[in-house]
Amino acid sequence: MLPAANRLRNGKDFARTTRNGARVTSPSLVLYVLTRTGNSTGPQVGLIVNKSVGGSVVRHRVARQLRHLIAPQLHKFDQETQIVIRTLRMKDSYTAELEDLIERVQKKLLVVS
RNA sequence: AGAGUCGCCUGGAUCACCGCGUUAUGUUUACAUACCGAGGAAAGUCCGGACUCCGCAGAGCAAAGUGGUGGGUAACGCCCACCCGGGGAAACCCGCGGGAACAGUGCCACAGAAAAUAGACCGCUCAUUAGCAAUAAUGGGUAAGGGUGAAACGGUGGUGUAAGAGACCACCAGCAUUUAUGGCGACAUAGAUGGCUAGGCAAACCCCACUUGGAGCAAGACCAGAUUGAUAGCGCUUGAGAACUGCUCGUUCGAGCUAUCGGGUAGGUUGCUUGAUUCUGCGAGCAAUUGCAGAACUAGAUGGAUGGUGAUCCAAUCGAAAGAUGGACAGGAUCCGGCUUAUAGGGCGACUCUUCUU
């Protein structure tokens, strides 16, 4: 699970990350990453799980699994990073997909910088 | 043993490691330790309350809701018991169950002759005319028979008649009035009298009785911060506008209000969980429920905690086995009481009928 400091909670931060951040997509996930945000609290992660994914129980389950999967990957990111994961549809396991996305987004960020 | 009816409970378990949220303690501002951490429906948001705020809520009209009787409850549209009607062999189940002459209006598809102050399609029958006759035509009488329909204006038997008919009689059903008995009551049972007979729909308008102030935890309180413009209209005690309130009256507040354009905020703390609470025992009551005593504390998040991995057991499915697959419906958001809907599997109890044995 994510420690409290590594959670994205403000509506504004969500809007800024999804609008200005680097974006990579896979069949069931979308990853937004925004670097050099100015606050060095450590990488922050937020989740968007749409109602189209499933009922309340399913959405909570998906959110928990994703939070758990992203936690060991956080050290790969800069301190001033904000990440938003958007879920498009239901899947049994997101492990491989998420690792692939992180690899791709890091390459993208390297090119930009 | 079989078939069935009703009610209730349960809703995978244990361990290890790594994580998350509240609270407490310790160092101290980030960690450590300890405790606790979703449901029977947390759901739908359909009723009823608690709680909070509003200029403490007046009268009339309108509107909405409820509708057998008695009881329970903080309250209810809920629950219990009983009554009535319907279904079943029974346990038991179902019912939005006031009023249909004593107010009035309306509707009753299709079929059928006719759907409500009746009605003559077929049939039955009488008279007259025509005809040798069968029969036909015309004018009457007739609701016993036929067929239609969810429903056809009492039923059975007789007297009677040209044929028939509550026209008359007996019994039965049902209606109205009334008496007695039982019951708190809805009502039931028994009798008397009357006239021979009265369709359904009030989930159609309507009538009767009772109930209802409005908004809701994004309620409300505190802290911090931002915008604090432009144009037009109305008004400043000769009253704009606002609240009760949907309308009228009435009461109260009252110096700003309304429309368009432009701009800004929605951050934190609190409300926030000890309550019509839960469990146990002894009483009251057929029951719903309730009185007294003792014990217990059982989520409180706010981009929103309860998760991940592994092992064993349990249930299920597949399979000869080894083994493999893999866990119903579903996630708190101020809190309670109900209702409704979803729900794999497992368990317990009470009762009814049939068969067998004693």
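Rules and cut-offs
- Residues numbered from 1 in each chain as written.
- Chains lettered and ligands numbered in written order.
- Predicted model: local features only at pLDDT ≥ 70, side-chain atom pairs only at ≥ 80, totals over all residues.
- Heavy atoms only, no water.
- Buried < 20%, exposed > 50% of the residue type's maximum accessible area, 1.4 Å probe, protein only.
- Helix = DSSP H or I, 4+ residues; strand = E, 2+ residues; numbered from the N terminus.
- Pairing = 2+ DSSP bridges.
- Core = buried A, V, L, I, M, F, W, Y, C linked by side-chain atoms within 4.5 Å.
- Contact = heavy atoms within 4.5 Å.
- Axes fitted to C-alpha atoms, helices over the stretch in contact; angles between N-to-C directions.

**Re the pairing of strand 1 (residues 22-25)**
Stage number 1. Where burial is concerned, the two faces of strand 1 differ: the one with A22 and V24 is buried and the one with R23 and T25 is not.
Stage number 2. If you look at the hairpin formed by strand 1 and strand 2 (residues 29-35), you'll find three residues sitting between the two strands.

**Overview of the nonpolar core**
Stage number 1. If you look at the biggest cluster of nonpolar residues, it comprises 20 residues, and the most contacted ones within it are L29, L31, V33, I70, I83, I85 and V105.
Stage number 2. Listing elements by their share of this core, those giving two or more residues are strand 1, strand 2, helix 2 (56-70), strand 4 (81-87) and helix 3 (95-112).
Stage number 3. With five residues, helix 3 is the single largest residue contributor to this core.
Stage number 4. Excluding residues that lie within four positions of it along the chain, L31 makes contacts with A22, R23, V24, I83, V84, I85, L101, I102 and V105.
Stage number 5. L8, F14, Y32 and V84 belong to the second-largest nonpolar core, a separate cluster that totals five residues.

**Things to note about the side chain of S28**
Stage number 1. Following the sequence through the fold, S28 ends up in the loop between strand 1 and strand 2.
Stage number 2. Residue S28 is classed as buried on the basis of its relative accessible area of 0%.
Stage number 3. Aside from chain neighbours lying at most four places away, what touches S28 is R86, T87, L88, R89, K91, Y94 and E97.

**What to know about the sheet that holds strand 1**
Stage number 1. What the four strands build is an open sheet, ordered 1-2-4-3; its pairing is mixed. Looking at strand neighbours, the two that pair on one side only are strand 1 and strand 3 (44-49), the edges of this open sheet. Neighbour-to-neighbour, the strand axes of this sheet turn through a mean angle of 15°, independent of strand direction.
Stage number 2. Packed onto the sheet, helix 2 meets strand 2, strand 3 and strand 4 and runs at close to 155° relative to strand 3.

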